[in-house]
Amino acid sequence: MSMAANLLDKLAQKNPNEPEFLQAAREVMESLEPLMERHPEYVKAGIFERILEPERQVMFRVPWVDDRGTVQVNRGYRIEFSSAIGPYKGGLRFHPSVNLSIIKFLGFEQILKNSLTGLPIGGGKGGSDFDPKGKSDAEVMKFCQSFITELYRHIGADTDVPAGDIGVGGREIGYLFGQYKRIVNRYEGVLTGKGLAWGGSLARTEATGYGLVYFVEEMLKTKGESFAGKKVAISGSGNVAIYAAEKVRALGGTVITMSDSNGYFVDEAGVDLDCVKQLKEVERKRCSDYINNHPEAKYFEGCQNIWMVPCDIALPCATQNEINEQDAKNLVANGCIAVGEGANMPCTPEAVKVFHDNNVLFAPGKASNAGGVAVSALEMSQNSMRYSWTFEEVDAKLKNIMINIHTKAYQAAKEYGQEGNLVVGANIAGFVKVAEAMLAQGIV
């Protein structure tokens, strides 16, 4: 049995009911086998075993009272996975699907993603099974205040800096930050994704989507391609999807699909982003309402067939494991040349294999969607300096970070004999920086 297989077997025995975490660990550890052979000092120091075990796991009760006066109880999580290269950094996800396995998978991925940015931030993740959809502002505020009343003791500007994720936008960050400030009596950069009037960064809203496209643009260049004239299928309709679509359009591509949890629409003439922004950011409506303004578009219930729509480039920006093996085969059959992960682990391992076997350019999420956390780290820097950069300055820094991430991943893959395999390259490049820090700091 290989060392990676042995590690994964032990991990499965310790975490038998955590499929998402085990999937993420398998994808990383199998690609790190060349490192295990080349760096025996990592093996001797137990780096691989240690990085698979969170430094701290916090799980807590979140009681709150709804508008009917009924007491509700949710479960909250914060997984502080690795602080080897900086304070824990990672989002909070509020969604009914949230459980320990999903938060651990996201936190583990965050270690390598944050390392790849080149910025001094460790890896963590948190959230709750609370669903903000359909809740009043008052209910969301009560929940957020209860959530942070427990979490505040575990976070801080130099300890753990959460951000937003699915279900946690500007409204939620505002309520969380307000309660944190009230409890600790300090105004500090402990949460990122804040409003511009109170410590937020320009370009943070756009960062993950823009960064995804900057990364995929670099990846396309390795094959002499670009977004110009390409049809692009995008899933999701949140910040990542909307601003990926905006940047694709700026680079000459045509976005033809978007989706939400109920279904997707296809607009071959090109998605009307102003309409989508109005529906999703202002009116909080569903994608099905898009066709009310664009009857030429087609809406389909359910999301299972979105990847059957012929496209040149696919950008999955919705949720984990949304592209399976058959979806990948459909994309290949329809002539797709590149796939870039905007969500966290939206492609199953079987799907990734299909892309590699068919020479489809593939950008793994820990590299391609790192733009959000990169600008979150830039927000932390601005908070520390009591200063703010212009949109153009932040965007330029973001673009350089994403170009550098691609360069590091591409070169690492080439160095270890797997040129073009950015999954392997991103895992190795991200891991080595963390491993060297862990070696220097001793057995902690």
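Here the structure is shown first, and the text comes after it.
None of the values given here were measured: they were computed from a predicted structure.

What to know about the sheet that holds strand β4 (residues 122-128)
One open sheet accounts for five strands, arranged β1-β2-β4-β3-β5; its pairing is mixed. Each edge of the open sheet is held by one strand with a lone partner, namely β1 (56-65) and β5 (160-164). Across the sheet, the mean angle from the axis of one strand to that of its neighbour is 20°, orientation sign disregarded. The pairing of strand β3 (residues 88-94) with β5 spans five bridges and is parallel. The partner of Gly 90 across the bridge, within β5, is Pro 162. Each of β1, β2 (71-82), β3 and β4 is contacted by helix α6 (residues 100-116), which is oriented at about 155° to β4, the strand it contacts most.

Brief notes about unusual backbone geometry
Look at Ala 203: it is not a glycine, yet its phi comes out positive at around 75°. Position of Ala 203 relative to the elements: it lies in the loop between α8 (170-184) and α9 (204-221). The exposure class of Ala 203 is buried, given its relative accessible area of 5%. Of note, the phi angle at Met 345 is positive, near 55°, even though the residue is not glycine. Relative to the assigned elements, Met 345 resides in the loop between β11 (338-340) and α14 (349-357). What makes Met 345 buried here is its relative accessible area of 7%.

Brief notes about the sheet that holds β11
Pairing is mixed in the open sheet, where seven strands are placed in the order β9-β8-β7-β6-β10-β11-β12. In the strand order of this sheet, the two ends are held by β9 (298-301) and β12 (361-363), each with one partner. Neighbour-to-neighbour, the strand axes of this sheet turn through a mean angle of 15°, independent of strand direction. Pairing between strand β8 (residues 263-266) and β9: four bridges, direction antiparallel. If you follow Gly 263 over to β9, its bridge partner there is Glu 301.

Quick word on the packing of helix α1 (residues 3-14) against helix α2 (residues 19-31)
At their nearest, the axes of α1 and α2 sit 10 Å apart, and the two run at 165° to each other. In terms of orientation, α1 and α2 fall into the roughly antiparallel class. Crossing hand, α1 versus α2: right-handed. Along its contact with α1, which presents Ala 4, Leu 7, Leu 8, Leu 11 and Ala 12, the element α2 presents Phe 21, Leu 22, Ala 25, Arg 26, Met 29 and Glu 30.

Scoring rules and cut-offs
Residues numbered from 1 in each chain as written. Predicted model: local features only at pLDDT ≥ 70, side-chain atom pairs only at ≥ 80, totals over all residues. Heavy atoms only, no water. Pairing = 2+ DSSP bridges. Helix = DSSP H or I, 4+ residues; strand = E, 2+ residues; numbered from the N terminus. Axes fitted to C-alpha atoms, helices over the stretch in contact; angles between N-to-C directions. Contact = heavy atoms within 4.5 Å. Buried < 20%, exposed > 50% of the residue type's maximum accessible area, 1.4 Å probe, protein only. Parallel < 35°, antiparallel > 145°, perpendicular 65-115°, else oblique. Left-handed = near helix turned anticlockwise from the far one by under 90°.

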